[in-house]
Amino acid sequence: MVVLKTLFKWIVLPILALLIIISLGLVVTGNAYIFRGLQLTYLKGEATANIDDYVDFDNRTIRAKDTIPWEKHPSFGQVTLTPTLQNALDTDETVAFAIIKDGNLVYENYWQDYDTNSHTNSFSMAKTVTTMLYLKAVEDGYISSVDEPITKWLPEYADSEYAQNCTLADFSAMTSGYDWTEDYYFPINPTAESYYGHDLVKQMVNRDFVESCGGQFEYSSGDTQMLGIALARALEPHGYTISSYLQEKFWQPLGMQGDAYWSLDGAANIEKVYCCLNASALDFAKFGQLLLNGGEWQGEQLLSKEHVEFMVTPNTDAFPDGYAPIYGHSVWTDMDSPIPYYAMLGHLGQRVLVLPEENAIIVRLGKQKGLPTPVAGFYLEPDLGQYVTEVKAVLDGLK
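Residues numbered from 1 in each chain as written. Predicted model: local features only at pLDDT ≥ 70, side-chain atom pairs only at ≥ 80, totals over all residues. Heavy atoms only, no water.

A. View of the overall build of the chain. Helix and strand content of the chain: twelve helices and 13 strands. Counting the 399 residues in the chain, one finds 55% classified as buried. For the chain, contacts bridging at least 24 residues in sequence account for 69% of all contacts bridging at least 6. When the accessible surface of the chain is summed, it comes to about 17,100 Å², and 53% of that surface belongs to carbon and sulfur atoms. (Helix = DSSP H or I, 4+ residues; strand = E, 2+ residues; numbered from the N terminus. Buried < 20%, exposed > 50% of the residue type's maximum accessible area, 1.4 Å probe, protein only. Contact = heavy atoms within 4.5 Å. Areas by Shrake-Rupley, 256 points an atom, 1.4 Å probe, with all protein chains shown as cover.)

What follows is the structure, given as structure tokens:
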């Protein structure tokens, strides 16, 4: 008993005191969101946000209506993947993989108890959808132009030196100079706070711009979320949330097979537009097909061809000489590779790849990013070159 009391006094009590001090420090410094982050990651056996965690957040539902199923290619059900591709999918915790050619479903498969109706987190693939919505708002006249000054919708920055010449296009191009640290693993950073925190709008507008707009590309979820705040404010007078606008302008016209869920901030006030659109693999694929079609879907122009070109064309001005221009407006680009493609990409290896010369779409969803051997001539992440190369081999073998 004496030993136990001694241990309690000299070991347990100091540890408890330290934990209390740390907890109070996190609260006082505005980092209490870490408690929620720990609860939803480490205490669930995860090292970071995961593809199924939309169930832990408030969501807005995007309703499907009048489903338009994918037509199946004559070779559907008979396609064999290359050994290299099959090995990559088996070893990288892939949960869904699909190939679409000429608007027809060539291949579809699922792993780890996921299926065609499973919802998973888009992560940063949602950035592409957000920019589609912003451009649609321009077409509908709710935003005057792609180059509208941000201060119209973000008056909090009316006196900010660097924000004066910043436009909404700087957000979609990620050239805004907004103060942001992109990190999904270290717990004390703005990305983690935006994911697990309480009031996303307050967090965002309390950060400033630290460089002039229109400079070099710097990947930033903060840029997309700021674009989302501007978009939400532009849509609100017309009776829309971001989710309801997506439902009306794209989700239902595309004939998605199921509802989607867009996760909200802790105040259940605004969509986390830089991430967190939760849907099925074949529904994500339709955004790739819409881009490939130049914004047209079954005879209806859902987004202008000019705006699609604006998104998928590399923003060469944002990259110094000697560097590959790998980003347009919320779309990754590798158009000088042996097999040109552009892409919607997300944390943990969420991918929608568009191969214009092959008239094809690749969708890969999973629990970790693939790390295969890089393929010569491809500039983006190593798994992308391998997916594109191996899928082309599959397509070349079609009847």
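And the narrative resumes.
B. Expanded view of helix 3 (residues 83-91). Within helix 3, burial applies to Leu 85, Ala 88 and Leu 89. Taken end-on, helix 3 shows its buried residues confined to a sector of 95°, consistent with a single buried face. If you follow the buried residues of helix 3, they end up packed against strand 3 (94-101), strand 13 (360-366) and helix 12 (382-396). Positive phi appears at Glu 93, one or two residues downstream of helix 3, with a value of about 55°. (Arc of directions from axis to C-beta.)

C. Representation of the state of the cysteines in the model. If you walk through the whole model with that rule in mind, you get two disulfides. A disulfide bridge connects Cys 166 with Cys 213, and the sulfur atoms are separated by 2.4 Å. Because the sign of the S-S torsion sets the handedness, a value of about -95° for the bond joining Cys 166 and Cys 213 places this disulfide among the left-handed ones. Highlighted residues: Cys 166 in the loop between helix 4 (125-139) and helix 5 (168-173) and Cys 213 in the loop between helix 7 (200-205) and helix 8 (221-235), separated in sequence by 47 residues. With respect to burial, Cys 166 and Cys 213 carry one shared label: buried. Through a disulfide, Cys 275 is tied to Cys 276; the S-S separation comes to 2.0 Å. Between Cys 275 and Cys 276, the S-S torsion sits near -75°, and that sign places the bridge as left-handed. (Disulfide = S-S within 2.5 Å.)

D. Just the sheet that holds strand 12 (residues 350-355), in detail. Strand order in the open sheet formed by seven strands is 2-4-3-13-12-11-10, and the pairing between neighbours is mixed. The sheet is open, and its two edges are formed by strand 2 (71-72) and strand 10 (332-334), each paired on a single side. Note that strand 12 and strand 13 share five bridges and pair antiparallel. From the neighbouring strand, Val 354 faces strand 13, where its bridge partner is Ile 361. Together, strand 3, strand 4 (104-110) and strand 13 form the strand contacts of helix 3, whose direction differs from that of strand 3 by roughly 145°. (Pairing = 2+ DSSP bridges. Axes fitted to C-alpha atoms, helices over the stretch in contact; angles between N-to-C directions.)

E. Main features of the sheet that holds strand 7 (residues 277-279). Pairing is antiparallel in the open sheet, where four strands are placed in the order 1-6-7-5. Strands at the two margins of the open sheet, each flanked by one partner only, are strand 1 (59-62) and strand 5 (120-121). By the bridge criterion, two bridges tie strand 5 to strand 7 in an arrangement that is antiparallel. Looking at the pairing, Asn 121 lines up with Asn 278 of strand 7. Along the sheet, helix 4 makes contact with strand 6 (260-263) and strand 7, crossing strand 6 at roughly 95°. Here helix 9 (residues 242-251) sits on the sheet and contacts strand 1, strand 6 and strand 7; the angle it forms with strand 1, its principal contact strand, is near 20°.

F. How the structure looks around the packing of helix 9 against helix 10 (residues 281-292). Between helix 9 and helix 10, the shortest axis-to-axis distance is 13 Å and the interhelical angle comes to 60°. Judged on the interaxial angle alone, helix 10 and helix 9 are oblique. Residues Leu 246, Phe 250 and Trp 251 of helix 9 pack against Asp 283, Phe 287 and Leu 290 of helix 10. Across the contact of helix 9 with helix 10, the residue classes tally to five nonpolar, no polar and one charged. (Parallel < 35°, antiparallel > 145°, perpendicular 65-115°, else oblique. Nonpolar A, V, L, I, M, F, W, Y, C, P; charged D, E, K, R; others polar.)

G. Seen up close, the pairing of strand 4. Sheet topology note: the strand 2/strand 4 ladder contains two bridges and is parallel. Bridge pairing in strand 4 places Lys 72 opposite Leu 105. Bridging between strand 3 and strand 4 involves six bridges; their strand directions are antiparallel. Residue pairing in the sheet places Ala 96 in a bridge with Tyr 110 of strand 4.

H. Examining the side chain of Asp 283 more closely. Tracing the backbone through its elements, the reader meets Asp 283 in helix 10. Of the side chains with opposite charge, Lys 286 lies nearest to the buried Asp 283, which makes no salt bridge, at 5.1 Å. Look past the residues within four positions of Asp 283 in its chain and what remains in contact with it is Trp 251, Met 256, Gln 257 and Gly 258. (Lys, Arg positive; Asp, Glu negative; His and termini not counted. Salt bridge = Lys/Arg side-chain N within 4 Å of Asp/Glu carboxyl O.)

I. Representation of the nonpolar core. Formed by 92 residues in total, the largest nonpolar core has its most connected members in Leu 246, Phe 250, Trp 262 and Phe 287. Element by element, the count of residues in this core is highest for helix 4, at nine residues. If near-sequence neighbours (up to four positions away) are discounted, Phe 250 is found in contact with Met 132, Leu 133, Lys 136, Tyr 245, Phe 287, Leu 290, Leu 302 and Leu 303. By size, the runner-up hydrophobic cluster in this structure holds 33 residues, among which are Phe 319, Tyr 341, Val 391 and Leu 395. (Core = buried A, V, L, I, M, F, W, Y, C linked by side-chain atoms within 4.5 Å.)

J. Quick look at unusual backbone geometry. At Phe 123, a position not held by glycine, the phi torsion is positive, near 50°. In this structure, Phe 123 sits in the loop between strand 5 and helix 4. If you check the backbone angles, Cys 276 has positive phi at about 70° while not being a glycine. Assignment of secondary structure puts Cys 276 in the loop between strand 6 and strand 7.

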